[in-house]
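Each chain is listed here by its residues.
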Amino acid sequence: MVSLSPKNLPAADLSADQLEQGHSLWQDAWHRLRKNKVAVIGACLLIVLGLSCALAPFFAQSYYENNLELTYAPPSADHWFGTDQLGRDLLARVLYGGRISIMVGLVASFVALVIGVSYGAIAGFFGGKTDMVMMRIVDILYALPFTIFVILLMVFLKDPMQAFDTWLGQHGMKQAQGVGKIILLFATIGAVEWLTMARIVRAQIMSVKRMEFIEAARSLGYGRSRIIFRHMVPNILGPVIVYTTLTIPSVMLLEAFLSFLGLGVDDPMSSWGKLIKDGSEKMEEYWWLLVFPGTLFSLTLFSLNFLGDGLRDALDVRSSKD
Amino acid sequence: MLGQAMLRFIARRLLETIPVIFVIITATFFMIRFVPGGPFTAEKAVPPEIQRNIDAYYHLNDPLWKQYRDYMWKICPKAFHPQELRHGPDLKAAFGMDFGPSFKYANRTVNEIITDTLPASISLGAIALIVALALGLPLGVLAAIKRNSWIDYLCSSVSMIGICVPTFVLGPMLVLVFGIYLGWFNASGWYELSDRVLPAATLGCVYAAYVARLTRGGMLEVLGQDYIRTARAKGASETRVIFKHALRGGLLPVVAFLGPAIAGIMTGSFVIETIFQIPGLGRQFVTSAFSRDYNLILGTVILYATLIIALNLVVDVVQVWLNPKLKFE
């Protein structure tokens, strides 16, 4: 079995390796990406949205303070996005919700990335029976309807996470309450989203495996884990980066879907999915509750997808030929 | 020769399917029982004697292996009367497959629930699929032909909207505009024919977006190939090149996508069915997982998995038919 301990992954060497091999490749990609207007606009929008969500505590109004004299106020100069049923400022709630949604998107994608790359790399490298068994498991997980899988997983992990939350509360970390639910979201979504990544990585590894430089590394007597993680994985980074950028929006969609099922974060926290769900229940009279969170959510997905497409065009070796 | 190779291919794939479905059923069976809580624990506490009676009635007290054995035996196909399917998707009458009683709906069997709710989901899904293909294919072909022109950017942006605006935003917004402000359609319900318009449009738009993107990608790939240049050099008109030569290969990615997509679309969408109050299978699917209705979960999972596997097989066959380079191994 391959050991995955950190000592087999010399991080410094890896980046030096990359710099030497891929200097011009990454520079080319960067150049191509900058010429892609839509991708640049997407990236700028993401930076603006990300910064305003990240810096929300410094300028936005409180997202949880009730103001019962100002319930369901339409958008105005004081409350740009209006207020909700408890008189809470919707702009603040959207910005704070964005923090959760974006964080879930990033962390869960990272979880999916780590699992998917390791799993796919191992299956692709060893091939034969190992590969067959590992990929059949992926096939079976694919065929399970993921809604059922996710719901069961969330129900299964709910109690331990609640215990974790109470533990946090008892140890003077009142601020951190609700973190358990978020970790639960990370784990569940990551556990579902790694399947496609594993397939992509496996296919890439299979094609890299037969190349001369791997043969050379093997003839020099390098160990398996060194060959997998130092020589093969860096060479498949392109597709992995592209697919990760495209995983983030789908993870955010999944988070929103879970919120729609009522499995998202708990009050008074907000996430975009939760705001959209609440808004869609009251939209007949209070349109702003649906329109603003929905628009911001869609804008973010837009930017991420355009950026991902731009990256794919920029990094894809095939398209660089023409 | 091709026919024989195809039949052998299908037969082998069907044989391979049996263990996969078996594993899926087994995995789901034990997974749902492994999750804490049961179908009758969420409700208010009942006296232990009654609880025992309930458990005994539904055989929940049997050892797990016995429950599993009985379940597997009951769902095994034991008859063959496909003509029974005329009256609806009744698997018990047609194949003798009995998915057992529901734990949440008194006096209802899982077979009945599926028979009652599947038609709504299928009819909604079929309209949505037509919408998706009618919108997505032309958009994708157009974008590919006019690559990097404003038409391409327009088509690609429109399809990106479909991907980035989730159904639970698009649906309520359509209701808001066409149902409430304009008053053209009912906001929700499933009675008149016109009630199908908004949900089908919502569901169709999302799939249309994916179809358009995949068509564009596939067409671009094909249009750069030598045989297209040959066709042009031989003086074939542009229309003929596109529709006769390119479209065949350009549709390959769409076909691969449509397999799982049709399975998903036919078994119903929880979000759409909730927003528009449609009595479909998608809602049963999700609520059964929440209420731990073991038999209903298993029934829907088996239905979904079988559909996915069957449609993937169809996809593989269609792909060989579309692409002469592929062969039935």
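In this text, all values refer to a predicted model and were calculated from it rather than measured experimentally. (Residues numbered from 1 in each chain as written. Chains lettered and ligands numbered in written order. Predicted model: local features only at pLDDT ≥ 70, side-chain atom pairs only at ≥ 80, totals over all residues. Heavy atoms only, no water.)

K.L.:
It is not clear to me how the overall build of chain A should be interpreted in this structure. Could you clarify?
P.N.:
Counting its secondary structure elements, chain A contains 12 helices and 0 strands. Going from the N terminus to the C terminus, chain A shows its helices and strands as α-α-α-α-α-α-α-α-α-α-α-α. Looking at chain A as a whole, 49% of its 322 residues are labelled buried. A sequence separation of at least 24 residues applies to 73% of the contacts in chain A between residues at least 6 apart. Here chain A displays about 15,800 Å² of accessible surface, and carbon together with sulfur accounts for 64% of that area. (Helix = DSSP H or I, 4+ residues; strand = E, 2+ residues; numbered from the N terminus. Buried < 20%, exposed > 50% of the residue type's maximum accessible area, 1.4 Å probe, protein only. Contact = heavy atoms within 4.5 Å. Areas by Shrake-Rupley, 256 points an atom, 1.4 Å probe, with all protein chains shown as cover.)

K.L.:
In this structure, what is going on with unusual backbone geometry? I would like to understand it.
P.N.:
Leaving glycine out, the prevailing phi sign among residues is negative, and the prevailing peptide bond configuration is trans. A positive phi angle, close to 55 degrees, is found at Gln-277 of chain B, a residue other than glycine. Tracing the sequence through the fold places Gln-277 of chain B in the loop between helix H12 (270-275) and helix H13 (281-290).

K.L.:
Is there a simple way to explain the pattern of salt bridges in this structure?
P.N.:
A side chain of one charge can pair with a side chain of the opposite charge if their charged atoms are brought near each other. Following the criterion strictly, the structure yields 9 salt bridges over all chains and no others. Put simply, Arg-202 of chain A and Asp-131 of chain A hold a salt bridge, and the shortest N to O gap is 2.6 Å. Residue Arg-202 of chain A is located in helix H7 (residues 179-209), and its partner Asp-131 of chain A is located in helix H5 (residues 128-143); the two are separated by 71 residues in the primary sequence. According to the relative accessible area criterion, Asp-131 of chain A is buried, its value standing at 8%. The partner of Glu-238 of chain B in a salt bridge is Arg-232 of chain B, and the shortest N-O contact between them spans 2.9 Å. For Arg-232 of chain B, a relative accessible area of 37% puts it in the partly exposed group. (Salt bridge = Lys/Arg side-chain N within 4 Å of Asp/Glu carboxyl O.)

K.L.:
Please explain the interface of chain B and chain A as it appears in this structure.
P.N.:
Much of the literature gives interface size as the accessible area that the parts lose upon coming together. Contact residues are listed per partner, giving 39 residues for chain B and 34 residues for chain A. In this structure, the connection of chain B to chain A is made through 0 salt bridges. Put simply, chain B and chain A have 0 residue pairs in polar contact (both at pLDDT 80 or more) between them. Ranked by residue count, the leading element in the side of chain B that touches chain A is helix H7 (residues 167-181) of chain B, at 8 residues. Here the side of chain B that touches chain A is composed, by residue class, of 33 nonpolar, 3 polar and 3 charged. (Polar contact = N/O pair within 3.5 Å; in protein donor to acceptor, adjacent residues only side chain to side chain. Nonpolar A, V, L, I, M, F, W, Y, C, P; charged D, E, K, R; others polar.)

K.L.:
Sorry if this is basic, but what is going on with the packing of helix H6 (residues 150-164) of chain B against helix H8 (residues 197-223) of chain B here?
P.N.:
Each pair of packed helices can be summarised by the angle the axes make with each other and by the distance between the axes. Residues and elements named next belong to chain B. Contact pair H6 / H8: the axes reach a minimum separation of 7 Å and the direction vectors enclose 140 degrees. The orientation of H6 with respect to H8, classified from their angle, is oblique. The crossing of H6 and H8 is left-handed. Residue-level inspection shows Asp-152, Ser-156, Ser-159, Met-160, Gly-162 and Ile-163 of H6 in contact with H8, the latter providing Cys-205, Val-206, Ala-209, Tyr-210, Ala-212, Arg-213 and Arg-216. (Axes fitted to C-alpha atoms, helices over the stretch in contact; angles between N-to-C directions. Parallel < 35°, antiparallel > 145°, perpendicular 65-115°, else oblique. Left-handed = near helix turned anticlockwise from the far one by under 90°.)

K.L.:
Mind showing me how you'd approach the confidence of the model for chain A here?
P.N.:
Predicted coordinates in regions of low pLDDT should not be interpreted in detail. All names here are of chain A. Mean pLDDT over chain A works out to 77, with 81% of the residues at or above the 70 mark. Ignoring residues within four places in sequence, the model shows residues 1-14, a span with pLDDT below 50, making 13 contacts including any to other chains. Low pLDDT, under 50, characterises residues 317-322; the stretch is placed with 3 contacts to residues that sit more than four places away or in other chains. (pLDDT = per-residue confidence, 0-100.)

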